[in-house]
Amino acid sequence: MALYAWTIRVPNREPIERVSGIDELHQTLTVLDLPGAPAPLGVTADADGVVPDNGKFRHVDVEDGFDWSVSWTKLV
């Protein structure tokens, strides 16, 4: 199983930083239910459904200023 170092940054919260399989990142995104987020696999996967070794997704809502992001790097 591949391990990823990942971080989720949400306004007014401490960053969530973990090292785990990509499934835990997807579960965390599901639980957080962040505004403007596509399905978790849509956040991390490319057009072919493959999770790249490194990536970042950022959502900015211009109207309310809610800006969150997730980044990941494959370790193993």
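Refer to the structure presented above.
The numbering scheme is per chain: residues are counted from 1 as the chain's sequence reads. Local features are withheld for residues below a pLDDT of 70 in this predicted model, meaning they are given only at 70 or higher, and side-chain atom pairs are given and counted only at 80 or more; totals for whole chains, interfaces and linings count all residues. Each side-chain value is worked out from all heavy atoms of the structure, with water and hydrogens disregarded.

Draft legend 1. Quick look at the pattern of salt bridges. Any Lys or Arg side-chain nitrogen located within 4 Å of an Asp or Glu carboxyl oxygen qualifies as a salt bridge. Inspection of the entire model under this criterion finds 2 salt bridges. With a closest N to O distance of 2.4 Å, D67 and R58 form a salt bridge.

Draft legend 2. Quick look at the pairing of strand β3 (residues 54–60). Each residue's exposure class comes from its accessible area (1.4 Å probe, protein chains only) as a fraction of the maximum for that residue type: buried when under 20%, exposed when over 50%, partly exposed otherwise. The helix and strand labels rest on DSSP assignments: H or I over at least four residues marks a helix, E over at least two residues marks a strand, and numbering proceeds from the N terminus. Residues of β3 alternate between two faces, with G55, F57 and H59 buried on one and N54, K56, R58 and V60 left unburied on the opposite face. Pairs of strands are assigned from DSSP output, requiring at least two bridges between the strands. In textbook terms, the turn of a hairpin is the stretch between consecutive antiparallel strands, and for β3 and strand β4 (residues 67–74) this stretch comprises 6 residues, one of which, G65, has a positive phi near 75°.

Draft legend 3. Spotlight on the environment of E63. As for its position among the elements, E63 is in the loop between β3 and β4. Residue classification places E63 among the exposed positions, given a relative accessible area of 81%. Taking the C-alpha atoms as reference, E63 lies 23 Å from T30; in sequence the two are 33 residues apart.

Draft legend 4. Summary view of helix α1 (residues 22–32). Listed in full, the buried residues belonging to α1 are I22, L25, H26, T28 and L29. Looking straight down α1, one finds that the buried residues subtend no more than 160° of arc, so they occupy a single side. With respect to the buried face of α1, the exposed residues turned more than 90 degrees away are D23, Q27, T30 and V31. Should any heavy atoms of two residues lie within 4.5 Å, those residues are counted as being in contact. The secondary structure elements touched by the buried residues of α1 are β1 (4–9), β2 (16–20), α2 (40–44) and β4. Positive backbone phi, approximately 50°, marks D33, located one or two places after α1. For this quantity, the arc is that covered by the directions from the helix axis to the C-beta atoms.

Draft legend 5. Geometry of the nonpolar core. The term nonpolar core refers to a set of buried residues drawn from Ala, Val, Leu, Ile, Met, Phe, Trp, Tyr and Cys, joined through side-chain atoms within 4.5 Å. Counting 15 residues, the largest nonpolar core has W6, I8, L25, L29, W68, V70 and W72 as its most contacted members. Only β1, α1 and β4 provide two or more residues apiece to this core. With residues up to four places along the chain from it excluded, the contact list for V70 reads T7, I8, L25, V43, G55, K56 and F57.

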